[in-house]
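Summary of the model geometry
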Amino acid sequence: MVNFTLPQLRAIMDKPKNIRNMSVIAHVDHGKSTLTDSLVAAAGIISMASAGDQRLTDTRADEAERGITIKSTGISLYNEISKEEISDEAMPKDSEGREFLINLIDSPGHVDFSAEVTAALRITDGALVVVDCIEGVSVQTETVLRQALGERIRPVVTINKLDRGFLELKLDWETFYSNFVKHVENVNVIIATYRDEAMGDLQVYPEKGTVGFSAGLHGWAFTLPQFSRMYAKKFGVAEEKMCERLWGENYFNPAEKKWTKSGDSDFRAFNMFVLDPIGKIVQACMNEQMDKLNKMLTSLNIKMKKEDLELQGKQLLKRTMQNWLPAHKALLEMMILHLPSPHAAQKYRAELLYTGPTDDACCTAIRECDPKGPLMLYVSKMVPGADKGRFIAFGRVFAGTVQAGVKVRIMGPNYEKGKKDDLNIKSIQRVVLFMGRRQDPVEDVPVGNTCGMVGIDQFLVKTGTISTDENAYPMKDMKFSVSPVVRCAVEPKNPQDLPKLVEGLKRLAKSDPMVVITIEESGEHIVAGAGELHMEICLKDLQDDYMNGAPLKISDPVVSYRETVEAETDQECMSKSPNKHNRLYFKALPLGEDLTNLIDAGDITPRDDIKIRGRRLADDFGWDIDVARKIWAFGPDIVGPNLMVDATKAVQYLSEIKDSVVAGFNWVTKEGVICEENMRGICFQILDVTMHADAIHRGGGQIIPTARRVMYAAEMISSPKLMEPMFLVEIQCPESALGGIYSCLNRRRGHVFEENQRPGTPLYNVKAYLPVAESFGFDSDLRAQTAGQAFPQCVFDHWQLVMGDPLSEGKLRDDVIAGIRKRKGLSIEIPPLDRYKDKL
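In short, a report on the structure. All values reported here derive from a predicted model rather than from experimental measurement.

What follows deals with the packing of helix H5 (residues 139–150) against helix H7 (residues 173–194). Axis separation between H5 and H7 bottoms out at 10 Å; the angle between their running directions is 40 degrees. By the angle between their axes, H5 is oblique relative to H7. Considering only the axes of H5 and H7, their crossing is right-handed. Between H5 and H7, the residues in contact are Glu142, Leu145, Arg146 and Leu149 and Ile190, Ile191 and Tyr194, respectively. For the contact of H5 with H7, a count of residues per class yields 5 nonpolar, no polar and 2 charged.

What follows is the structure, given as structure tokens:
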């Protein structure tokens, strides 16, 4: 039975010091949803017996069928902590009472859905990182951990799937211990690499209780402080002392009853006092030695029901271990003691979240976690509601209290303070709490909690900020670690379904934080996603849920390229305006890979202070300091990795045409000259401008097309190149399958750059780069080559130059570029240079 009521839950929401917002993050198939089940069972929502098999947080039919999480799901749990579990001295200093509310978000592990993880991390303060005790720290573990540390989130770790070590691999205790040490070290290396100075030491240590050990499927887990409590009474030692001895180089010699710093591995304290008792119980249960088991249960004083003792094998083991070391106790203890409450976390997260000045009313309310301050709420994603086609906005209150029926300012991602675009002033119809598969309505939700809002879905696309204060700045937008590089064109089979498709695409764009929907000039609808699996799920959703099963024609996936230049030329390009009175002189040069990546990562942005940015460009990249201070624009989309700089000397009226030239620049960077793809890593310099003295002859209609032509000409003479996106593929496989992997990658222009054997297993980890264009069907091809032994994980990694010159004849020009131009409905030949460059 559910052991809490809504009023109870609502009462505890007013104590921000007793709330924990946390997300569960890990590599795919390391057991996040299974582990979450134990916590859900502890709150009484599902029965203890079915915990681990039910996976309550996988709410969609295709999630249950594929066995992977696709959407992140929120659930609120209420727990009361008894004195036996955490003594009064050990309780967190700032908590009020013993009741805690845990808002938990179960996130997907598959790399194609890592945008869901980012959305989950934004609205939580702590993260439970799950690591498989056999596979260890993988690529995706590192990616999600890096995202978490970037958002200033405090991690705790649990090493999961211990039952596999005991039952399948039957490892000896020393191997167990050395594996654990290795995993903890790997996690700490990642934490140390990406940590934020403001956060202090975030590393995790088993002896401090920030690392747990669990078996999600069987529903048991422990931390070292738990074991030290059992033994402290027996040995008559202080708990802290005992805890330190259970990890590291501490040995206990039972014959002499002495502790030593070195000795035989059988006498290592962790092996003797922790693994050995568990191992004995596992053996007794699996070999059905009931008398032995009864003896151990009596000595541990565990009471078991009669019908539980009649179970056999794994079922018996599950019930026994659940009674002795229930998973929720260990996990709750880690969360309550080592994860921050919103009250503590918002002090150091406020400056990162808020775009405005750090001392205004809104930022102060966020920092102080003030329920009476102005409302500040960040909507991180849209969840499909019960009615077809309507969405519930899911977000977290960072300041103030959100109430139903009050008029609020809804600021979209493009809203700028002081302007009216992307701003709606509307009221929220209902406020609901998320409880896994259902939603419960409440009147209002105070600061520090997550909640859903009904009735504002038509004013927000994916994310946004909601506030009641007129002077509020919006909160920072999320940065995703993957980019949508796989694109498909969709069209309905029956032309009369076109309006349905347009509606469906709008809803699809709302439901997924990552999907990008565009309409080409040729009238095609393009859906862009992060990878093959992501596209498959999105198109399935589009067809079944958002279009009521109307059939679609889906093109083969196409890959977006980028255009760039490789060399700087000494000649300048000139174009005349249509009325022959204005001339623009330009040249193009490459930005360089390092600078391009810095702009992509958001280290150098248009919002930076001009002098500091200029100094940095001059010192690190050797720019001329005058030019570096006169950057006019970044493009495409205001923040893209192309620059336009003013390198003119003493030109009159230049500022009057600045807007027109920048408009031309944004147009050009969105559609390059070679095949109308985005540009990347190009810097356009304005060298000289001659203008008509009369303002009417130098309006936008004269300047914008001229600027576009001159930039196309500059790109064409600076040896243009195409760039294609590359995946980083991580493959796990046994040694026998390596040959198949190499042959499969060689056929697809991939190359392996690292392979290492996992210590203690016969598996190899192979890392390779693979062009996205070649990655379609790679999974199935690889499995066919290796008889299903290799498991690939693809993540978008970087852009790489395509070999070959796009302007001279060859496979690149005649196949790739001609194919793209034909698809976009352009003429197949690239236009000649003299169409853009005028003679002096």
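Still more ground to cover, so stick around.
A few words now on the nonpolar core. Of all hydrophobic cores here, the largest spans 92 residues; its most connected members are Leu377, Val402, Val445, Met453, Ile456 and Ile466. Setting aside anything within four residues of it in sequence, one finds valine 445 in contact with Met13, Val397, Thr401, Val402, Val431, Leu433 and Cys451. Counting residues in each nonpolar core, the second largest holds 63 residues, with Ile190, Leu202, Phe270 and Met321 among its members.

Estimated volume of the second largest pocket: approximately 1,100 Å³. Lining of the second largest pocket is provided by 30 residues; of these, Gln226, Met230, Tyr231, Leu300 and Trp324 occupy positions nearest its centre. Put simply, the parts of the chain that give the lining of the second largest pocket at least two residues each are helix H8 (224–235), helix H10 (269–286), helix H11 (290–299), helix H13 (313–324) and helix H14 (327–338). Counting residues per element, the lining of the second largest pocket draws most heavily on H8, which supplies 8 residues. Among the residues making up the lining of the second largest pocket, the classes are represented as 16 nonpolar, 4 polar and 10 charged.

The subject of this paragraph is the packing of aromatic side chains. Under the counting rule described, the total for this entry stands at 27 aromatic pairs. For the pair tryptophan 259 and phenylalanine 273, a centre-to-centre distance of 6.0 Å together with 50 degrees between the ring planes defines the contact as tilted. Remark: phenylalanine 273 occurs in helix H10 and tryptophan 259 occurs in strand S9 (residues 258–260); sequence separation between them is 14 residues. Judged by relative accessible area, which is 8%, phenylalanine 273 ranks as buried. The ring of tyrosine 194 carries arginine 146 above its face, with NZ or CZ at 5.6 Å from the centroid. Stacked on the ring of tryptophan 667, the Lys or Arg arginine 708 has its end atom at 4.3 Å from the ring centre.

What counts as what
- Counting from 1, residues in each chain are numbered in the order their sequence is written.
- Totals for whole chains, interfaces and linings use every residue, but because this is a predicted model, local features are given only for residues with pLDDT of at least 70 and side-chain atom pairs only at 80 or more, for both listing and counting.
- Hydrogens and waters are ignored; side-chain quantities use all the structure's heavy atoms.
- Between the N-to-C directions of two axes lies an angle of 0 to 180 degrees, each axis being a line fitted to C-alpha atoms and, for a helix, fitted only over the stretch in contact.
- Helix numbering and strand numbering both begin at the N terminus, where a helix is a DSSP run of H or I of at least 4 residues and a strand a DSSP run of E of at least 2.
- By the definition adopted for this analysis, an angle is roughly parallel if under 35 degrees, roughly antiparallel if over 145, roughly perpendicular if from 65 to 115, and oblique otherwise.
- Here is the rule for handedness: rotate from the far helix to the near one, and if that takes an anticlockwise turn smaller than a right angle the crossing is left-handed, while a clockwise turn gives right-handed.
- The criterion used for residue contact is that any of the two residues' heavy atoms lie within 4.5 Å.
- Charged means Asp, Glu, Lys or Arg here, nonpolar means Ala, Val, Leu, Ile, Met, Phe, Trp, Tyr, Cys or Pro, and polar covers whatever is left, Gly included.
- Nonpolar core, defined: a set of buried Ala, Val, Leu, Ile, Met, Phe, Trp, Tyr and Cys residues in which side-chain atoms within 4.5 Å join the residues together.
- Think of it in three bands: residues with accessible area under 20% of the maximum for their type are buried, residues over 50% are exposed, and the middle band is partly exposed, with areas taken using a 1.4 Å probe on protein chains only.
- Definitions used for this entry: grid spacing 1 Å over protein atoms alone; cavity, a set of points where a 1.4 Å probe fits but cannot get out; pocket, an open set with protein on both sides within 12 Å along at least 5 of 7 lines; lining residue, one with an atom within 4 Å of a point.
- Grid points are joined across faces, edges and corners, and a volume is the space filled by probe spheres set on the points.
- Aromatic contacts are taken between Phe, Tyr and Trp rings whose centres are within 6.5 Å, Trp giving its six-membered ring; a plane angle under 30 degrees counts as stacked, one over 60 as edge-to-face, and the others as tilted.
- We call a charge positioned over a ring when the NZ of a Lys or the CZ of an Arg lies within 6 Å of the ring centre and within 35 degrees of the ring normal.

Interpretation in functional terms is not warranted from these geometric data alone.
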